[in-house]
Amino acid sequence: MRVRNEEAYKSKKEIVMESCFNCFAENGLHGTGIATLSQYCHLSKTAFYIYFHDVDDLITQCTAYVMSKVVMDFVNRVPANPLEVRKFFEELPYRNRDEHGAKYRVMYQVYTHPKYIRAGKEFLESLNPYYEQYAARMESMMYVPREKLVSLFRIYMRTCVNFAIFENEEELKREMAVLEESFMLLRAKYKVDNRIG
């Protein structure tokens, strides 16, 4: 009996998930079936069932995998210097749109589809540790308690995602202005002297 190499299996599955997600990004979710995916990934149709139960399983797993990587990209870009914080948050929506816009559009198609809403809720819940980690790393630079920062980051990320999908600059400016005002009110509430602008 052949024993599966778990490391090799996991690595290959990750490559397949990323390739499938890229195929959806190029061709759209609807109408992109196993035949198109197998050509794109250079896999036989039957090979997909080594990794996934069915097409729905493939769609939900590859979306969660790729979007988790996108979120980690955000988390790993914590400014090292408090003076860089404002610039970072002002530039991120544009960088996010340019680097990940197509991925967010696929995610939107998947998680707004009635079949996948539950998977979307589970994915959003899985992001909570990332936001907690991010808030913990940013608390000392932003002078607001981390439990408040977590909520601000969630709202900020939704703003970034909406901009990446729809590219509505006027809406982005309005939402960023409200976020900044909320942030400054929180700083005032916690009576912290803002010396860095």
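Residues numbered from 1 in each chain as written. Predicted model: local features only at pLDDT ≥ 70, side-chain atom pairs only at ≥ 80, totals over all residues. Heavy atoms only, no water.

Draft legend 1. Quick peek at helix α9 (residues 169–189). Its 21 residues place the ends of α9 30 Å apart at the C-alpha level, agreeing with the 30 Å of an ideal helix rising 1.5 Å per residue. Considering only its buried residues, α9 is in contact with α5 (85–111), α7 (128–142) and α8 (146–166). Capping the start of α9 is the job of one residue whose side-chain oxygen sits 3.2 Å from the backbone nitrogen of Glu170: Asn168. (Helix = DSSP H or I, 4+ residues; strand = E, 2+ residues; numbered from the N terminus. Expected span 1.5 Å × (residues − 1). Contact = heavy atoms within 4.5 Å. Polar contact = N/O pair within 3.5 Å; in protein donor to acceptor, adjacent residues only side chain to side chain.)

Draft legend 2. Quick peek at the packing of helix α4 (residues 55–75) against α7. One way to put it is that α4 packs onto α7 with a least axis distance of 10 Å and a crossing angle of 5°. If you check the angle between α4 and α7, you find them roughly parallel. Across the interface between the two elements, Ser68, Val71, Met72, Phe74 and Val75 of α4 pack against Tyr130, Gln133, Tyr134 and Arg137 of α7. Within the contact of α4 with α7, the residues separate by chemical class into 6 nonpolar, 2 polar and 1 charged. (Axes fitted to C-alpha atoms, helices over the stretch in contact; angles between N-to-C directions. Parallel < 35°, antiparallel > 145°, perpendicular 65-115°, else oblique. Nonpolar A, V, L, I, M, F, W, Y, C, P; charged D, E, K, R; others polar.)

Draft legend 3. Spatial organisation of the packing of aromatic side chains. Here the structure, examined in full by the defined rule, presents 12 aromatic pairs. Taking 4.6 Å as the distance between ring centres and 25° as the angle between the ring planes, the aromatic pair formed by Phe74 and Tyr134 counts as stacked. Within this pair, whereas Phe74 is found in helix α4, its partner Tyr134 is found in helix α7, the two being separated by 60 residues in sequence. An identical accessibility class is assigned to Phe74 and Tyr134; each is buried. Taking the centre distance of 6.4 Å and the plane angle of 35° together, the rings of Phe74 and Tyr156 count as tilted. Of this pair, Phe74 sits in helix α4 while Tyr156 sits in helix α8; the two residues are 82 residues apart in sequence, bridging distant segments of the chain. Across the pair, Tyr156 and Phe74 agree in class, each one buried. (Phe/Tyr/Trp six-rings, centres within 6.5 Å; stacked < 30°, edge-to-face > 60°. Buried < 20%, exposed > 50% of the residue type's maximum accessible area, 1.4 Å probe, protein only.)

Draft legend 4. Structural view of the state of the cysteines. Counted under the stated rule, the structure contains 0 disulfides. Cys20 carries a free sulfur, and the closest cysteine sulfur to it, the one in Cys41, is 3.7 Å from it. Cys20 provides the cysteine sulfur closest to Cys62, a residue in no disulfide bond, and the two sulfurs are 5.7 Å apart. (Disulfide = S-S within 2.5 Å.)

Draft legend 5. Structural view of the packing of helix α1 (residues 6–27) against helix α2 (residues 34–41). In the contact formed by α1 and α2, the axes pass within 9 Å of each other and the chain directions differ by 120°. In the packing of α1 onto α2, the handedness of the crossing is right-handed. The residues of α2 that touch α1, namely those facing Val16, Ser19, Cys20, Asn22, Cys23, Phe24, Glu26 and Asn27, are Thr36, Leu37, Tyr40 and Cys41. Classifying every residue of the contact of α1 with α2 gives 7 nonpolar, 4 polar and 1 charged. (Left-handed = near helix turned anticlockwise from the far one by under 90°.)

Draft legend 6. Representation of the nonpolar core. Residues Phe48 and Leu58 are the most contacted members of the largest nonpolar core, which totals 63 residues. Counting residues per element, this core draws most heavily on α8, which supplies 11 residues. Those residues within four positions of Phe48 in sequence are excluded, and the remaining contacts are Val16, Cys20, Ile34, Leu37, Ser38, Cys41, Leu43 and Leu58. (Core = buried A, V, L, I, M, F, W, Y, C linked by side-chain atoms within 4.5 Å.)

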